[in-house]
Each structure stands twice: as structure tokens, then as C-alpha cells.
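Listed below, chain by chain, are the residues.
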Amino acid sequence: MSGLALSCVGVAALVPTANGSSAASLPPLVAAPPSGTAVDGTLVIAHGDDFVAGIADEEVGLVSGTAAVDPAATPVALSSDAAMAHVGSEVTAYQTPGQAELVVPPSELSHDHATHDHGPEVAADTAAMATGAQSVLMIMFNFANDRRTPWTKAAAEQVLLTNPTSVAAYYSDVSNGELTITGTVTDWIELDATNASCGSNYGTWASEANAKATANGHTLGAYDWIVYNFPSLSCGWSGLAYLGWSGAWINGSPTLRTIAHELGHNFNVHHASSLNCTSAGVRVTYSTSCTASEYGDPASVMGASTRMHHARHQALLGYTMPTQQVSTSGTYTIAPMEGAGSPRLLKIALGTNVDLWLEYRQPTARFDNWISTDPFVMGVGMRTTASYSSQSYVLDATPGTTTFNDAPLAAGQTFLDPVSGSRITVVSVTSTAATVEIELSASSSTTTTATTAPPSTTTTTPPTATTAPPPTTTTTAPGRARRGRGYWMLERSGRAHAFGSALHYGDIAGTLSGSATATDLETTPTGLGYWIVDSSGRVKAFGDARRFGDAPQVTLVAGEQVTSLAATGSGAGYWLFSNRGRALAFGDAVHHGDVSTLVLNGPVIGSIPTPTGGGYFMVASDGGIFAFGDAQFAGSMGGFRLNAPVMGLVPDGDGRGYWLVGSDGGIFAFDAAFRGSMGTVSLNRPVVGMVRFGDGYLMVGADGGIFNFSDQGFFGSLGATPPTQPIVAVSVLEE
Ligand SMILES: [Zn+2]
Ligand SMILES: [Zn+2]
């Protein structure tokens, strides 16, 4: 099940919505002060698991009061990554008439994390929500049109509480006794609701189930966590849970895997995924060209099995997990994760916002009951995380085989990180420790020192240790951009390709509906995320990008397609531009006018803001140019006969002048320096995008070829391995 997006991709509103998906008449405008009716509540992320298809789905919502009492949430226009650091925070959101989604103003999420125990190092480092004695109420219910009772209350009690491999036994073993689960299972409760539409009705089912359980004498407030369980339905998910908040739904027969997994989400950890990487078409342990498999980690209940949570997730869950940060080269030991030694987890910075985690596992009586020769107890497990997320990606140290069952780095093996140049060798493994030799590349040691606030080699004991102040450079505050250079390409299928230091944060491949095609990818000002928009105007946000809404469907006319998204300088808003010359402003973007009411000779094929954001240009396929706001008209090809249609316009760095590019790679410079063109070369495939890069520009062809006319380096292309669908856009990462 490879080739899945790195981030979970929401396909439909999983969060129940009171007013349905009514189309909006106006884009939400989040100016300061925010407009609309204020709604106070707690931020939650609803997370659906389709273990069979290997796909997860996430939506952000707001619950009022206590989720355990009123689990129905209202959808919020925010990406799950952006919300992740603030799950469980009380925020004030705003309801604008006609908008199904609430808007949370950036000010609600951009408080000073120095005075705060969470941040981009994530909710992650604050999880620690479920230790000590925790009680679970499992409410079993069925429906007015479906009175099945396929398992008994006694059977459910065994799975949750009393089996040798119950959920309670699992968390007792994993936490080494630091978490004790007790609980109650209700008798079957008969809802008045029908079993229709799980995806939108699970919240209202839970509300009715709560009321009926209360009427039956259960005191909901006496429990820390509530789990709902109903006879198997075709929902597209077998389990669903709020991340970092009470509320888990088990679809069908209760099992250790599903309940422990969904409770894991409640306790605030994300998935244990796997990373499939290639270099020049050959499978390798790690590279800049990787795709993720959502549940691909064979050694975690957050992945493909009922194995224990891995050491990084245990640290996030708040269990004692002595962790050592490696910032100098040397020999290190790792004690078995299941034991009481120290350290049991090593952390190595792979880049400015990617960490590598090393752990060592040994067999236990249950859950981690591997045979003594299994690769998982014969080597060192390697997982990466982005610093803002608790989702982990296991690396395959034996890439010659496609299975991850041999993922750990065995004794005698060396892993070379092709990006940083750092090297990890497992010297030996015994029943009490793995010994590893770590050679950090000069650049990576420097990076570590420079970017990690807490100093070097300290062995520490959580929770204090792992809740130390987050590395300052991983925050998403403006001006703290990701270092390095590179670029992203977007396929018409919605797949994103990352090159150089640009990271893959997820994409929309496999999620497009109807005839929609992906049309643009735009990086955030920090370079730590991006937006992808499709031709129907649907926007998805990845990494630190925040979603401010889609193009309202009632606004677009027949045949009108959204062709690009451009971010404002702050990243707190964006414009969507269409082929009819329409501009739609979201967040702090300002509408400076458009040509949507004019009759045009040809479609508008490119629209782009000026460097100040105080205006934008639109260029039509016949070379005609329209300037708005502070955009200054410097000439156009509107009166000339062109060899090929104009494909785009790029303002030059000084804000006066621009380049026009034709689909044949020809460049027309207007009050801007000519840096070269492909106009005299015959191209395999047309040029489909051009962006400002360094002192010049970068063109990308539909076949993924890169033409670089700048002082910046070349970071690779898809020339040798052409994409399955044409490339439609390019976006660059610059220092
Ligand atoms: Zn999940
Ligand atoms: Zn915060």
C-alpha cells in the first residue's frame, strides 16, 4: 500500500456539521478584528482510520463544553497540521453567515510559546494526558433500522479489560504500569437514530447514546474516556477518534488493535507509518524522494500490528522514556525499550525540522512477543518525524526487500543519510543494549548546534526531558524560514514531488473528485508547508499552511476553473485565481479587482501578486496583461503574433517589470533582466510553469524537466523518470 500521502487527507467532512455542506456565497474574510459571531470551544481533530484501504482522513472541529458529554463538533477551516499543536486548546472561533466552517483567527493560535508548554514541537511533547488511573466507558449501541447485537457485553469486557491481551493489559505493559485502565461496558443501547451516513452522523449517535446511557444509570462524568461501539457498517473507516481528546468510535467487532489504536489517538499520538524511498529508481533506506504508507510500521499499534507503541510515541504518551539527544559524533548505547535502562531512545537531527529516532526492542511475554531471531529484536529501529508532528515514518534498513519486517538496522550494518551525510553503524546488539557508532557530518553538527535550543548531550528523564523548550528554529513564525533550497512540482493527478531541501508534506493524489484536476502548489512563507488547489477551487493545506476556505461553488460559472493560488506575505491568507480572470481573497489577502465581468479573447492562464502583495497581475493566453493594485503595467504581447501561447508571468525581484513565458519556453522580458530562454530549443513537452528563483527564473516542463535560468543550483528533475501525469506547477524553496 505505498504511494499514499504523508499527511492525512480529508476527503469529506468527518466532523458532524449542524448546517450540512451548504455552499457559501462569500469567501471568509479574516481581517483583524475577526468578523462574524464568536463561538467559544475546544479545538479537536477527528481522525478516521480505513485500515483496509490504508487511508486516514482528518478534519478539524470545535466542541463546546466537554467532548465526553457533547461529542458533536462543528468543522473549522484549519489544516490538521496547523491545529495539531493546539488540540485541546480553548479558542474563540467565528461563524460567518453562510459559511459551514468556523474560522479561527491566527491570533488565537499565535501566542507566545515561550510561556507555554506546547508549540510546533507539537502537542506532541505535551501529550502526557493519560497516565495514572484512567477510566473508560464503552457504550455499545445499535439502530432503529438495525437491531443487531453481534457480540455480548461480556465479550466486549474481555477485549477491553480482562483478557490476557486486553486493551488494559496492553497499556499496562506498554507504560510499564504507568497507565492503568479500568472501565465499564454498557448493555446494548437501542438508538432512535438509523444507521445511515456514519461519516456525518457519528457525533449525533454519540450524543443520543450518552443520553440513553445516562438514563440507564451510567455517570458519564465519572469516566476519562468514552468509546462508542456499534455493529459493523460500511463507513470507510473501522475506527474514528478525536486526536488528543475523548471520543472514539469502533465500527464493528471490538478488537485490541482498533481500540488501542483509537485510544492512542485520544492520548494524542498520530500514526506509525513507513517510508518508501528511491534514488535513481532504486529502492533505498532514505532519500529526498519518498512516499509514505499510512499504517506501514509493523512494530506499533499505530501502524500495522498490535505491537507496543514505539519509543518515540511512548515518550509523547508521557511514559518514562529516557531520551538522549545526539549532537556530537561518538559511540552510544541504547537500552531495550521494554526494560528500565537508560537511554532507551536517541534523537538525531536530520535536518532543520526532521528528527531521526533510534530504539532497540527485546522480546516480551505478550505484545512484543517476537521470536528471538526476528529482525525487530536483532537491530536498531529508525524512524523519522517532522518536528511539528507525532506521525512517525519507519525507515527500511534492508531496502533490497520491499517488506518492512526487516526494517531495523542490524549489527554490522551502516545507514548513511544521503541528505546530511551523517552515518550510523550498529556495532553490536546484546540482550541488554545495542551499541551504535554515530558520525555526524560537519554540516549536520553545525546545524544541530545552531538550531537546537537546549544544549547537547544530556541524558534526561521525561516528562521533564522531552517537554524541554522546543527548538526555536522549527517554529513557524514569519521570518524563521526553513533553510536550504529546492523546489516542488505538482502533477495533474495531485501528486507532489519534492527536490533538494524541499520536503514532501503530503498531497492530494487519489482524492480528486469528478473531473477536477490539481492546478497549483504554493509554498508558505516559511517553506515548511504548502497549499495545493484543484480546478474546482478546493484547497488543501499541508505542513504549516493554514486553510482559509475553498472557492465558493456558487461563485464559479460553467467551465470556470481555478488555476492558481498565491499566498500573502504573512501566509495568513491567499488569493485564488480562475481562468475567467476572477480573484478571490481569503484570510488577510485583499481583493484589488478582477476581470471576471469582462469578455476576454482568451482564458487568463496566469495570475500572480506583486512582491509587496499590494496588487497582482493577470495574463491572458493571448499575451494581454491586466494590472491591479500596485502592479505596474510595463508592456504586453497583446498586440503581437506569438509562436506559442503565453503560459505565465513572473514579476522580477524589484517589483517593477516582469517576464512572460510562452509554452515553447520563449521569454519576453519587460523592464526585467533577460536570463536566457528555451525559445530556440525544441522541447519534448511544453513549459507549464515558471517561478522567480534566485536572480532569475526557473521553468518546468509538463514532463517534469527543469530549466534553470538563475544563480541557484539545480536540485534534480523528473526528466529521467517522467511522471505518470503531466506536471502543472512548480514552487520554490529559497533561503
Ligand atoms: Zn488512526
Ligand atoms: Zn499554543
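Visitor: Talk me through helix 4 (residues 167–174); I want residue IDs and the actual numbers.
Guide: The buried count for helix 4 comes to six of eight residues, which makes it a mostly enclosed element. Listing the buried residues of helix 4 in full gives V167, A168, A169, Y170, Y171 and V174. Buried residues in helix 4 make contact with helix 3 (153–162), strand 6 (179–185), helix 6 (256–266) and helix 7 (311–317). Of the residues that open helix 4, the one with a side-chain oxygen 3.4 Å from the backbone nitrogen of A168 is S166. Just past helix 4, the residue N176 takes up positive phi, approximately 55 degrees.

Visitor: Describe in detail the packing of aromatic side chains, supporting the description with residues and values.
Guide: Per the stated rule, a full pass over the model turns up 27 aromatic pairs. Measuring from centroid to centroid gives 5.4 Å for W205 and F230, while their planes differ by 75 degrees, and the two rings are edge-to-face. Separated by 25 residues along the polypeptide, W205 in helix 5 (residues 198–215) and F230 in strand 8 (residues 225–230) bring together distant segments of the chain. The residues W205 and F230 share a single accessibility class, namely buried. Ring pairs connect the aromatic residues F141, F143, Y202, W205, Y228, F230, W237, Y242 and W249, which therefore count as one cluster.

Visitor: Help me get a handle on the state of the cysteines, residues and values and all.
Guide: If you walk through the whole model with that rule in mind, you get two disulfides. With a sulfur-sulfur separation of 2.1 Å, C198 is cross-linked through a disulfide to C235. When the S-S torsion is -90 degrees, as for the bridge of C198 with C235, the disulfide is left-handed. One end of the pair, C198, is in helix 5; the other, C235, is in the loop between strand 8 and strand 9 (239–243), and 37 residues separate them in sequence. The residues C198 and C235 share a single accessibility class, namely buried. The disulfide partner of C277 is C290, and the S-S distance across this bridge is 2.2 Å. Here the disulfide of C277 and C290 is right-handed, its torsion about the S-S bond being about 105 degrees.

Visitor: So what about the coordination of the zinc ion (ligand 1)? Which residues, and what values?
Guide: Protein-derived coordination of the zinc ion (ligand 1) comes from D49 (OD), D49 (OD), H261 (NE2), H265 (NE2) and H271 (NE2), at a distance range of 1.9 to 2.4 Å. Taken in chain order, the donor set of the zinc ion (ligand 1) reads D-x211-H-x3-H-x5-H. Placement of D49 in strand 1 (residues 37–50) and of H265 in helix 6 is noted, with a sequence separation of 216 residues between them. You can call H265 buried: its relative accessible area is 0%.

Visitor: Tell me about the pattern of salt bridges, residues and numbers included.
Guide: Taken as a whole and judged by the stated rule, the model has 14 salt bridges. Residues R283 and D396 are paired through a salt bridge, measuring 3.0 Å at the closest nitrogen-oxygen approach. Pair noted here: R283 is in strand 12 (residues 282–284) and D396 is in the loop between strand 19 (392–394) and strand 20 (409–410), with a separation of 113 residues, a long-range link. For the pair formed by R283 and D396, the shared burial category is buried.

Visitor: For the sheet that holds strand 29 (residues 539–543), give the residues involved together with the corresponding values.
Guide: Taken together, the three strands give an open sheet; going across it, the order is 27-28-29, and neighbouring strands pair in antiparallel fashion. A single partner strand is all that each edge strand has here, and the edge strands are strand 27 (518–523) and strand 29. Sheet twist, expressed as the mean angle between neighbouring strand axes with direction ignored, is 20 degrees. Strand direction decides the pairing type here: strand 27 and strand 28 (residues 529–534), joined by five bridges, are antiparallel. Along strand 28, the bridge assignment pairs L521 with I532.

Cut-offs applied
Residues numbered from 1 in each chain as written. Chains lettered and ligands numbered in written order. Predicted model: local features only at pLDDT ≥ 70, side-chain atom pairs only at ≥ 80, totals over all residues. Heavy atoms only, no water. Buried < 20%, exposed > 50% of the residue type's maximum accessible area, 1.4 Å probe, protein only. Helix = DSSP H or I, 4+ residues; strand = E, 2+ residues; numbered from the N terminus. Contact = heavy atoms within 4.5 Å. Polar contact = N/O pair within 3.5 Å; in protein donor to acceptor, adjacent residues only side chain to side chain. Phe/Tyr/Trp six-rings, centres within 6.5 Å; stacked < 30°, edge-to-face > 60°. Disulfide = S-S within 2.5 Å. Donors = N, O, S within 2.8 Å, 3.2 Å for Na, K, Ca; no water. Salt bridge = Lys/Arg side-chain N within 4 Å of Asp/Glu carboxyl O. Pairing = 2+ DSSP bridges. Axes fitted to C-alpha atoms, helices over the stretch in contact; angles between N-to-C directions.

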